[in-house]
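Below, each chain spelled out in residue letters.
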Amino acid sequence: MDGATEGRVSGSARSGHPEGAGRAAETRRRWLETLARFRRDPDRPATTAYWSPSLDCASRDELTQIQNTKLAASVPFLYENSAFYRRRFARLGMTPDEIRSTGDLAKWPPIDKAEMMADALAHPPYGTYTCVDDALWAERGWMLFSSSGSTGTPRVFRYTQNDRETWAWANARALHAMGFRPRDSVLLISGFGPHVWLWGVQAALVLMGIAVLPGGGLDAKARAGMIARFKPTAIACTVSYALYLGRALQELGLDPAASSIDKLFIAGEPGAAIPHTRERLQDLWGARVVEFYGCTEAAPHVGGYSCPAAEAPGRPVATHLMEDVQVWELVDPDTHRPVADGERGLTVCTNLATEASPQLRFLVGDYAVFDRRPCACGRTHVRALGGFAGRADDLVNLRGVKMYPAQLEQAVRAVPGVGDEYEIVITAHDDGLDRMTVRVEHADGAIGAQVAASVRTHCEVRVDVEVLARGTLPRTEFKAKRIRDLRGQTPDVTNQKPEGR
Ligand SMILES: [Zn+2]
């Protein structure tokens, strides 16, 4: 892929102007210096409990001061090196010195995916938001990733060597908090495609000196065999795959709960935030569920991560967000104004540590509730209570009642004995009323009434339930696509098989 599309970044666009090029280089130098100053404990954990206690357990004032220092270096860097940000400042009639602290952030309207997409379409293939010009791309070395494309065409991202170093370090801090130690060995289950997650995990595991078992390109039986033979202590995969692989072990006469696995490192689907799914995973494997939270746009490194106190009894699961490398805010879905701690809002991320994918208030768009009170684990960084169970884009509207796929999953899995696989089909009807049919697997057809009652309790909608024999629905191997919304399509196609993979 040729990175030399002209005019994409201000550095190359303004290379004819020595003064501008000088400012671009100078702001970059200051930004990199600031980053290096706060990359504490770069190679190894400072203590057994915390990778970098002076960051992980910093006081609220210290955290704010670090964020402000990074922001004051970052904003001029974006302005001088990225054509996208430069244009946006001009359009808003703002100058970089108007954003010098986290208190100034609300002046800058959040950037959403549509705005990023428009820039990428106008300046293919990468867009102009990156702070790296063609000469730097050639010099630095990089890696290509893409978004999942769940809300449109997949967008591509490159991360530089600088970014990769921050990436390994920040992810190592998160993995350390999740309980990963050099005695662990991790079976990575992925196709090793352009999704950022497991590549970042791999980079961190190398830095941490933790054993890695690559599990790509194998079927479930072969992976089950790897667990039996090599006894890894953790698997990293999607939620659906952890269920699928556990069942595959059972079919081979092996008990996942008696296996060597003590940590399930899941990603790709909001499983940890759905109590009944988390319980199902933990019971099946006799292992603790841990997860990352983030998005490719504000990557490469992690945003959120589980800590040892993530699951305090009687409290919702909580996920820390790494505040010295990113500023996390919640905003009102309609007005985009910041919401207070304890209130529900959409996640917005300002990424303070990447030159290739810098984000100044990117609307990630997951609903969350923040809590800045100290955590029992000793870390001080903000926590999302209840985790991240739904993206605003995924909202399902049935006859005016709005719900998230995660709520439906929680409702279905609340019914004991219902199989791992289920699907939800939404259809339009001549009477004008849309209908939702939940298809589950169970040996007893009478379970349907319980499923319908559970959905009514959790989601406040009436649904039809079809109870199918076990093994009828396709097994989900990777990311599950459980909701098929057929409204707007030809009716009577409910017998189509879902997109199982
Ligand atoms: Zn904690």
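Residues numbered from 1 in each chain as written. Predicted model: local features only at pLDDT ≥ 70, side-chain atom pairs only at ≥ 80, totals over all residues. Heavy atoms only, no water.

Student: Looking at this structure, how should I read the overall build of the protein?
Tutor: A tally of regular secondary structure across the protein gives 14 helices and 19 strands. A compact globule built from 501 residues would reach a C-alpha radius of gyration of about 23 Å, and the protein, at 23 Å, matches this within 12%. In terms of principal-axis extent, the alpha carbons of the protein reach across some 75 × 55 × 45 Å. With 501 residues in all, the protein has 54% of them scored as buried. Across the protein, every contact between residues at least 6 apart in sequence was considered, and the portion connecting residues at least 24 apart equals 70%. Seen as two clouds, the 60 positive and the 61 negative side-chain charges of the protein have centres 2 Å apart. (Helix = DSSP H or I, 4+ residues; strand = E, 2+ residues; numbered from the N terminus. Rg over C-alpha atoms; globule rule 2.2 N^0.38 Å. Buried < 20%, exposed > 50% of the residue type's maximum accessible area, 1.4 Å probe, protein only. Contact = heavy atoms within 4.5 Å. Lys, Arg positive; Asp, Glu negative; His and termini not counted. Charge placed at Lys NZ, Arg CZ, Asp CG, Glu CD.)

Student: What is the right way to look at the coordination of the zinc ion in this model?
Tutor: A metal bound by six donors in octahedral fashion has ideal angles of 90 or 180 degrees, whereas one bound by four tetrahedral donors has an ideal angle of 109.5 degrees. Note on the zinc ion: its protein donors are Cys-307 (SG), His-320 (NE2), Cys-375 (SG) and Cys-377 (SG). The metal-donor distances range over 2.1 to 2.3 Å. Angles of 105 to 114 degrees at the metal separate the four donor atoms of the zinc ion, which places the site in the tetrahedral class. Taken in chain order, the donor set of the zinc ion reads C-x12-H-x54-C-x1-C. Here Cys-375 falls in the buried class, since its relative accessible area comes to 8%. The class for Cys-377 is buried, based on a relative accessible area of 11%. (Donors = N, O, S within 2.8 Å, 3.2 Å for Na, K, Ca; no water. Tetrahedral: all angles 85-135°; square planar, octahedral: opposite > 155°, others 65-115°.)

Student: Got a minute to help me understand the packing of helix 4 (residues 60-81) against helix 5 (residues 83-92) in this structure?
Tutor: Geometrically, a packed helix pair is captured by the angle between its two axes and the distance between the axes. The interhelical angle for the contact between helix 4 and helix 5, taken along N-to-C directions, is 100 degrees, at an axis separation of 5 Å. Classified by the angle their axes make, helix 4 and helix 5 are roughly perpendicular. Within the contact between the two elements, helix 4 uses Val-75, Leu-78, Tyr-79, Glu-80 and Asn-81 and helix 5 uses Ala-83, Tyr-85, Arg-86 and Phe-89. Of the residues assigned to the contact of helix 4 with helix 5, the class counts are six nonpolar, one polar and two charged. (Axes fitted to C-alpha atoms, helices over the stretch in contact; angles between N-to-C directions. Parallel < 35°, antiparallel > 145°, perpendicular 65-115°, else oblique. Nonpolar A, V, L, I, M, F, W, Y, C, P; charged D, E, K, R; others polar.)

Student: How should the side chain of Glu-423 be read in this particular structure?
Tutor: Checked against the element boundaries, Glu-423 lands in strand 16 (residues 422-427). The buried category is assigned to Glu-423, whose relative accessible area is 1%. A distance of 2.9 Å separates polar atoms of two side chains, one belonging to Glu-423 and the other to Arg-484. (Polar contact = N/O pair within 3.5 Å; in protein donor to acceptor, adjacent residues only side chain to side chain.)

Student: Would you mind going over helix 14 (residues 447-459) with me for this structure?
Tutor: Residues lying three or four places apart along an α-helix face the same way, a consequence of the helix completing one turn every 3.6 residues. Between its terminal C-alpha atoms helix 14 stretches 18 Å, which fits the 18 Å expected from 13 residues at 1.5 Å a residue. Every buried residue of helix 14 is accounted for by Ile-447, Gly-448, Val-451, Ala-452, Ser-454, Val-455 and Cys-459. Mapping the buried residues of helix 14 onto a view down its axis gives an arc of 160 degrees, with all of them on the same face. Facing away from the buried side of helix 14 by over 90 degrees, the exposed positions are Ala-449 and Thr-457. Taken together, the buried residues of helix 14 touch strand 15 (401-403), helix 13 (405-413), strand 17 (435-441) and strand 18 (464-468). Downstream of helix 14 by a residue or two, Glu-460 has a phi angle that is positive, lying close to 60 degrees. (Expected span 1.5 Å × (residues − 1). Arc of directions from axis to C-beta.)

Student: Before we go on, may I ask you to explain the layout of surface pockets in this structure?
Tutor: Rolling a probe over the atoms, with the probe sized like a water molecule, indicates the empty space that remains. As a volume, the second largest pocket reaches approximately 380 Å³. If you go around the second largest pocket, you meet 19 residues; those closest to its centre are Ala-273, Gly-386, Ala-389, Ala-406 and Gln-407. Listed by contribution, the elements that provide at least two residues to the lining of the second largest pocket are helix 12 (275-285), strand 12 (362-371) and helix 13. Looking at the lining of the second largest pocket residue by residue, the classes come out as 12 nonpolar, five polar and two charged. (1 Å grid on protein atoms, 1.4 Å probe; cavity = no way out; pocket = protein on both sides within 12 Å on 5 of 7 lines; lining within 4 Å. Points joined across faces, edges and corners; volume = space filled by probe spheres on them.)

Student: Explanation requested: the pairing of strand 4 (residues 211-214) in the structure shown.
Tutor: Two faces belong to every sheet, and in a regular strand the side chains alternate between them. The sheet contact formed by strand 3 (residues 185-188) and strand 4 spans four bridges and is parallel. Residue pairing across strands places Ser-185 opposite Ala-211, the latter belonging to strand 4. With helix 9 (residues 196-208) bridging strand 3 and the parallel strand 4, this β-α-β connection has right-handed handedness. (Pairing = 2+ DSSP bridges. Right-handed = clockwise from strand over helix to strand, strands pointing away.)

Student: In this structure, what is going on with the pattern of salt bridges? I would like to understand it.
Tutor: Where charged atoms from two side chains of opposite charge approach closely, those side chains can pair. Scanning the entire structure with this criterion turns up 38 salt bridges. Of the charged contacts in the structure, one is a salt bridge between Asp-119 and Arg-87, with a shortest N-O distance of 3.2 Å. Note that Asp-119 is positioned in helix 6 (residues 113-122) and Arg-87 in helix 5, a separation of 32 residues in sequence. The exposure class of Asp-119 is buried, given its relative accessible area of 5%. When its relative accessible area of 38% is taken as the criterion, Arg-87 is described as partly exposed. (Salt bridge = Lys/Arg side-chain N within 4 Å of Asp/Glu carboxyl O.)

Student: What's the story with the packing of aromatic side chains in this structure? I'm lost.
Tutor: The geometry of two aromatic rings is summed up by the distance between their centres and the angle between their planes. Evaluated as defined, the whole model comprises 17 aromatic pairs. Arranged with centres 4.5 Å apart and planes meeting at 45 degrees, the rings of Phe-89 and Trp-108 form a pair that is tilted. Placement of the pair is Phe-89 in helix 5 and Trp-108 in the loop between helix 5 and helix 6, with a sequence separation of 19 residues. Each member of the pair Phe-89 and Trp-108 is classed as buried. Centre to centre, the rings of Trp-137 and Trp-142 are 6.2 Å apart; their planes meet at 75 degrees, and the pair counts as edge-to-face. Given a relative accessible area of 5%, Trp-137 falls into the buried group. A relative accessible area of 30% means that Trp-142 is categorised as partly exposed. The ring of Tyr-126 has Arg-158 sitting right over it, with the charged end atom 3.7 Å from the ring centre. The ring of Phe-180 has Lys-263 lying over it, and the distance from NZ or CZ to the ring centre is 5.1 Å. (Phe/Tyr/Trp six-rings, centres within 6.5 Å; stacked < 30°, edge-to-face > 60°. Lys NZ or Arg CZ within 6 Å of the ring centre and 35° of its normal.)

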